[in-house]
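# Understanding the architecture of this molecule
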Amino acid sequence: MEIANFGVEEWLNVYETQATLDIAQSTIASMTMSELMALSPDNGTQFYQDLAQQKMNYGAIEGSEAFKQAVSELYQTVNSNQVLQTNGATGANLLALYALVKPGDHVISMFPTYQQLYEIPISIGATVSYWQLDEANNWVPDIAELKKLIRPETKLICLNNANNPTGTVISTELMQAIVEVARTVGAYVLVDEVYLPLGEGQQTTSIADLYELGIATNSLSKTYSVPGIRVGWLVANETLTDLFRKYRDYTMICAGVFSDQLAVYVLQHRKQVLARNRALVQRNLKIFKAWVAQEPLVDVVYPESVSTSFIHFKEIEDDEAFCKYLLKEYGVLLVPGKRFEIPGHARLGYCAPEATLKKGLAELSKALRTY
Ligand SMILES: Cc1ncc(COP(=O)(O)O)c(C=O)c1O
């Protein structure tokens, strides 16, 4: 099975260790174990005691009941039997795509998005139609375009809400309209929901609560700031979950007892983590907006309180050459737009630690003038 190189991951694998000012990442500033433990009144004493007693066996294969219960509470209509633990959202997407897509199937994927969502179907031998997001339309998907792409035999629609790299959100109304289109042909809708918009009062609805053939994938990597534990999940109706169980047995056994325990802890302290991250997103978004307002060489469709943004260089065409220059001369890391197949742009992760963001933006302005 041939597969294309994964543009963003390949770039990060090579360059992220070289950066002194990393403003490329889409995670909201990752947390340390100390920060996490400080969220509990006993500063993690009980957590570490439980861990010391924990046998390092395989643990609960699908994720512990406490994990599945905590995840199911994130949704309106989901019970714990509909939850499967995975190795990150990457593992959840892989599982769903591997189980559902067959050679010759027709799949629709939004574009740009996380490359996994269209490249795995292509590698399996599916025909993929791209639902193009248009910058002139603020990167918001146009339902009329989806209606043109859908076919009687369409098997699956792949979406990413909120979107990486643009930071735009599919509203509940638009998602309902998408579901109506999918329902006409009985297509599954897979939505990678790793980016939760964190604006005050801002809400989205999970596909798991909107559509009987919806599959929601998610993880603790972005919104919850703990990518290091590699825990994600997949939620779908019980028939689909059973199908995924079969494929899951071939692709992973468990995420590991340590990761499961920490995942449960993070989910139990979810309100505190989200409060921290909501404040961080709002604070950093202000800094980012102030920088864009005074930087004539860049424009952007502002992200909707989502931790990734996609800036447009007004005078640079070869974004990758510029990003290499920026890294070499100024130590600043972005992800070139070319890595999302959208040249002239770059992903800027403004939810880095505040000092890194401020210095990174200042250096980026210098580089735009010296390049
Ligand atoms: C849309 C999307 N899904 C999944 C992932 C990977 O998530 P995880 O670390 O949970 O595997 C990323 C990482 O950039 C992403 O942008």
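Residues numbered from 1 in each chain as written. Predicted model: local features only at pLDDT ≥ 70, side-chain atom pairs only at ≥ 80, totals over all residues. Heavy atoms only, no water.

- Under an unreviewed UniProt entry, the name given to the chain is Aminotransferase, and the source organism is Latilactobacillus sakei subsp. sakei.
- In its Sequence similarities (unreviewed entry) section, the UniProt record describing the chain reads: "Belongs to the class-I pyridoxal-phosphate-dependent aminotransferase family."
- The annotation that UniProt attaches to the chain under Cofactor (unreviewed entry) is "pyridoxal 5'-phosphate". (UniProt positions renumbered as here; feature names shortened; annotations may be inferred.)

### Thoughts on the site of the ligand
- Near the ligand you find 14 residues, and of these Thr90, Asn164, Asp192, Tyr195 and Ser219 are the closest.
- Contacts to the ligand include serine 219, whose side-chain N or O atom sits 2.7 Å from an oxygen atom.
- In the environment of the ligand, an oxygen atom lies 2.8 Å from a nitrogen or oxygen atom belonging to the side chain of arginine 230.
- Contact with the protein chains removes 94% of the 400 Å² of surface that the ligand exposes when unbound.
- With three residues, the single largest contributor to the shell around the ligand is helix H5 (residues 88–100).
- A class-by-class count of the residues in the shell around the ligand yields four nonpolar, seven polar and three charged. (Near = heavy atom within 4 Å. Polar contact = N/O pair within 3.5 Å; in protein donor to acceptor, adjacent residues only side chain to side chain. Areas by Shrake-Rupley, 256 points an atom, 1.4 Å probe, with all protein chains shown as cover. Helix = DSSP H or I, 4+ residues; strand = E, 2+ residues; numbered from the N terminus. Nonpolar A, V, L, I, M, F, W, Y, C, P; charged D, E, K, R; others polar.)

### Re helix H6 (residues 116–124)
- In terms of burial, H6 is a largely internal element, eight of the nine residues being buried.
- All of the buried residues along H6 are Gln116, Leu117, Tyr118, Glu119, Ile120, Pro121, Ser123 and Ile124.
- Check the buried side of H6 and you find it contacts H5, strand S3 (106–111), strand S4 (127–132), strand S5 (154–160) and strand S6 (188–192).
- With its phi angle positive at about 110°, glycine 125 sits one or two positions after the end of H6. (Buried < 20%, exposed > 50% of the residue type's maximum accessible area, 1.4 Å probe, protein only. Contact = heavy atoms within 4.5 Å.)

### Let's talk about the nonpolar core
- If you look at the biggest cluster of nonpolar residues, it comprises 126 residues, and the most contacted ones within it are Leu159, Leu220, Phe244, Phe288, Ile311, Leu334 and Leu348.
- A total of nine residues in this core trace back to one element, the largest contributor, which is helix H11 (residues 270–293).
- Residue assignment places this core across two domains, with domain 1 (7–26 + 271–370) and domain 2 (55–268) each supplying three or more.
- Excluding residues that lie within four positions of it along the chain, phenylalanine 244 makes contacts with Leu84, Leu95, Ala96, Ala99, Leu100, Ile215, Leu234 and Ala236.
- In this structure, Ala89, Ala162, Val169 and Val194 belong to the second largest nonpolar core, which totals six residues. (Core = buried A, V, L, I, M, F, W, Y, C linked by side-chain atoms within 4.5 Å. Domains from an automatic or database assignment.)

### Examining the sheet that holds S4
- Strands sit in the order S2-S8-S7-S6-S5-S3-S4 across an open sheet of seven strands; the sheet is mixed. The open sheet has two free edges, formed respectively by strand S2 (83–87) and S4, since each of these has just one partner strand. In this sheet, adjacent strand axes meet at a mean angle of 20° when their direction is disregarded.
- Where S3 and S4 come together, six bridges link them in parallel fashion. Note on S4: the bridge partner recorded for histidine 106 is threonine 127. (Pairing = 2+ DSSP bridges. Axes fitted to C-alpha atoms, helices over the stretch in contact; angles between N-to-C directions.)

### What to know about the UniProt feature "domain: Aminotransferase class I/classII large" (unreviewed entry) in the chain
- As annotated in UniProt, the feature "domain: Aminotransferase class I/classII large" (unreviewed entry) corresponds to residues 52–361 in the numbering used here.
- Annotated as 40% helix and 18% strand, the span residues 52–361 places its first and last C-alpha atoms 43 Å apart.

### Focus: the sheet that holds strand S12 (residues 335–336)
- Pairing is antiparallel in the open sheet, where four strands are placed in the order S9-S10-S13-S12. Each having just a single partner strand, strand S9 (298–300) and S12 make up the two edges of the open sheet.
- As paired strands, strand S10 (residues 309–313) and strand S13 (residues 345–348) are joined by four bridges and run antiparallel to one another. Among the inter-strand pairings, phenylalanine 310 is bridged to a residue of S13, identified as arginine 347.
- Each of S9, S10 and S13 touches helix H13 (residues 354–370); the most contacted strand, S13, lies at about 165° to it.

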